[in-house]
Amino acid sequence: MKTSFTISGNIVDVVKERIFKGKITVEQGKIVRIDEGEVDSDQYIMPGFVDAHIHIESSMLSPVEFAKASVIYGTVACVADPHEIANVLGIEGVRFMIKEGESVPFKFFFGAPSCVPATSFESSGAKLTSLEIEELFKNKEVSFLAEMMNFPGVVFNDVVVMTKIAIAQKYNKPIDGHAPGLMGEQLKTYADAGITTDHECMNIDEALAKIEHGMKIQIREGSAAKNFDDLISLAKTHSDKIMFCSDDKHPDDLLKGHLNLLFKRAVEYGINPIKVAKILSYNPIKHYSLNVGLLQKGDFADFIVFDNFDSFNVRATYINGEKVAEDGKSFIQSNKNTACPNLFNVLPLEIKDIQIEAKSNLIKVIEVEDGQLYTKAVIEKAKIENNFVVSDTDADVLKMVVINRYIPSKPAIGFIKNIGFKQGAIASSIAHDSHNIVAVGVSDKDIVKAINSIIDVKGGICVVDEKGVQVLPLPIAGLMSDKGIVEVANLYESINNRTIALGTSLKSPFMTISFMSLLVIPELKLSDKGLFDGIEFSFTNLFA
């Protein structure tokens, strides 16, 4: 493993914001000399990229396979929130992610999930207590307090919430935020409590308000939620206050690219390439105090080599002086003995279990918008057959089911608009944040078939259509596969294509439905316990 060498080219210095020709000398993984002067090379050398906020679980890959895939595109580090697996397996889930991450030459910086469960209005597989959060900080296992989604708890000074914040401050750890739409005095209270970032801004006004209160904005471009186009102008006015992040990245998207795509888009938008490089490296490294190099003498040799700023082809990626990828090939090895911890204890359903008797001609419906996690609560006329409310494809109002996967329970029923299916059903054990089983479909028969297919494999995603059933098993906590990205991405893409053929216009239907049980984002959602009003923060009746 070669970690001592010299390399020459156009060096991108994000600290002094300049580009110069020179030679870098690396010894035992660290930069020991940088000599400025003419060299016989036109290639560029730049600090590696850092994803400022991501849930590795959303890639459906283990940390090892995620690292193996992302280094190809110049990513050297991730600020990762493991709250998905923590909701399933608690502190042991967090430790599983850390252990897996430590087995590869990639820089994972995991946080202590702050909201497990996210609310008391849903059933999770585990809890992460204040004592366990302190244990993670005390043993230096984690680097930050992950997104504080319970912003009402901060605003109204909830004892449990404020205790977790106090613990993070005791260990001098940054605290991530998650407060979509929060403005005014409540935003001030939230920021003043010590919240330092937010990745949930939907427009410039909201982002600027949060910046004014001292928060950094993580511009998100994931598989479902996409805010890059709405917020990228901040790079021209507040480049020192922003970072780029994925939040959630599906395997088929990751196979096509990672932060390199955002670099190219930002440059094409007109942002100075050095500023973009700084946003993707310097800003998150300094904010989170990450042990990642910035191409300075004494730093770890964490950098990328690329051809030019126009085509921006990443030729090689180095971490701690080790070449981990070159010309589209990753040198990170798969873990053939990946553990598959899980928690799945749910009984198969029958059609009668999801039938709902009509109590009114009007129902409250979750209305989705493609690319957004925020939903609207609308009133629709119920389609009633044999005194049961059923899906109405003409009105694009489909039945949605969420069922507790940790203990045998009665499923919760709701209805959702703008999914677009004309036939079939889909189901998934990826359902933020507690990861119960969520399903949407046209007929009760297909919905039940999809849910039972997920139960059979103890976690995964599934589509039911006229061809039958297709399933992607996710044996690691019902969230991640133990296979490589190509196999996972190809199967996911096949399932996704069959799902799109059901009639949806959603770009990422599985990612969209996975957020329909995320109660902390208004206006209307469905948990395993029932229909939930995210404005009033309480359960509501299906019938209007």
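All figures in this text were calculated on a predicted structure; none of them were measured in a lab.

(A) Up close: the pairing of strand E15 (residues 322–326). Pairing geometry for strand E14 (residues 314–319) and E15, over 4 bridges, is antiparallel. Note on E15: the bridge partner recorded for Tyr-318 is Lys-323. In textbook terms, the turn of a hairpin is the stretch between consecutive antiparallel strands, and for E14 and E15 this stretch comprises 2 residues, one of which, Asn-320, has a positive phi near 50°. In terms of strand pairing, E15 meets strand E16 (residues 329–330) through 2 bridges, oriented antiparallel. Among the inter-strand pairings, Glu-326 is bridged to a residue of E16, identified as Lys-329. Remark: 2 residues form the turn of the hairpin made by E15 and E16, two consecutive strands paired antiparallel; Asp-327 in that turn has positive phi of roughly 50°.

(B) A look at the pattern of salt bridges. In total, this model carries 24 salt bridges according to the counting rule given. Between Arg-18 and Glu-36 there is a salt bridge, and its shortest N-O distance comes to 3.2 Å. A residue pair is termed long-range when its members are at least 10 positions apart, and Arg-18 in strand E2 (residues 18–27) and Glu-36 in strand E3 (residues 30–36) qualify at 18 residues. Since its relative accessible area comes to 31%, Arg-18 is described here as partly exposed. Relative accessible area serves as the criterion here: at 53%, Glu-36 is assigned to the exposed category. The shortest N-O distance in the salt bridge between Asp-229 and Arg-265 comes to 2.9 Å. Taken together, the residues span a long stretch of sequence, with Asp-229 in helix H9 (residues 228–231) and Arg-265 in helix H12 (residues 259–269) at a distance of 36 residues. On the basis of relative accessible area, Asp-229 is assigned to the exposed category, the value being 61%. Looking at Arg-265, the relative accessible area reads 28%, which means it is partly exposed. One salt-bridge network, in which partners are shared between bridges, spans Glu-92, Arg-95, Glu-135 and Glu-141.

(C) Here's a closer look at the sheet that holds strand E5 (residues 49–54). Read across the open sheet, the 3 strands follow the order E5-E6-E7; overall the sheet is parallel. In the strand order of this sheet, the two ends are held by E5 and strand E7 (107–110), each with one partner. The average undirected angle you get between the axes of adjacent strands in this sheet is 15°. Relative to E7, strand E6 (residues 75–80) runs parallel, the two being bridged by 4 bridges. Within E7, the position partnered with Val-79 by the bridge is Phe-109. The strands that helix H1 (residues 63–70) touches are E5, E6 and E7; relative to E7, the one it contacts most, it runs at about 130°.

(D) Expanded view of empty space enclosed by the protein. A full pass over the atoms with the stated rule returns 7 cavities of 30 Å³ or more. One number sums up the size of the largest cavity: a volume of about 70 Å³. The wall of the largest cavity is formed by 14 residues, among which His-55, Glu-147, Asp-247, Asp-248 and Phe-515 lie closest to the centre. Considered class by class, the residues forming the lining of the largest cavity number 3 nonpolar, 5 polar and 6 charged. Reported here for the second largest cavity is a volume of approximately 40 Å³.

(E) Up close: the environment of Tyr-318. Checked against the element boundaries, Tyr-318 lands in strand E14. If sequence neighbours within four positions are ignored, Tyr-318 has contacts with Phe-5, Ile-7, Val-76, Ala-301, Asp-302, Phe-303, Val-305, Lys-323 and Val-324.

(F) Local environment of helix H7 (residues 184–192). Looking only at H7, the buried set comprises Leu-187, Tyr-190 and Ala-191. Projected onto a plane normal to the axis of H7, the buried residues spread over an arc of 95° and lie on a single side. Among the exposed residues of H7, those pointing more than 90 degrees away from its buried face are Glu-185 and Asp-192. After H7 finishes, the residue Gly-194 shows a positive phi value of roughly 115°.

(G) Structural context of the nonpolar core. Residues Met-46, Phe-244, Phe-263 and Ile-451 are the most contacted members of the largest nonpolar core, which totals 178 residues. Beyond its immediate stretch of four places on either side in the chain, Ile-451 contacts Leu-349, Val-401, Ile-403, Ala-427, Ile-437 and Ala-439. Within the second largest apolar cluster, 14 residues are counted, among which are Ile-7, Leu-295, Phe-303 and Tyr-318.

Criteria and thresholds
- Residues numbered from 1 in each chain as written.
- Predicted model: local features only at pLDDT ≥ 70, side-chain atom pairs only at ≥ 80, totals over all residues.
- Heavy atoms only, no water.
- Pairing = 2+ DSSP bridges.
- Helix = DSSP H or I, 4+ residues; strand = E, 2+ residues; numbered from the N terminus.
- Salt bridge = Lys/Arg side-chain N within 4 Å of Asp/Glu carboxyl O.
- Buried < 20%, exposed > 50% of the residue type's maximum accessible area, 1.4 Å probe, protein only.
- Axes fitted to C-alpha atoms, helices over the stretch in contact; angles between N-to-C directions.
- Contact = heavy atoms within 4.5 Å.
- 1 Å grid on protein atoms, 1.4 Å probe; cavity = no way out; pocket = protein on both sides within 12 Å on 5 of 7 lines; lining within 4 Å.
- Points joined across faces, edges and corners; volume = space filled by probe spheres on them.
- Nonpolar A, V, L, I, M, F, W, Y, C, P; charged D, E, K, R; others polar.
- Arc of directions from axis to C-beta.
- Core = buried A, V, L, I, M, F, W, Y, C linked by side-chain atoms within 4.5 Å.

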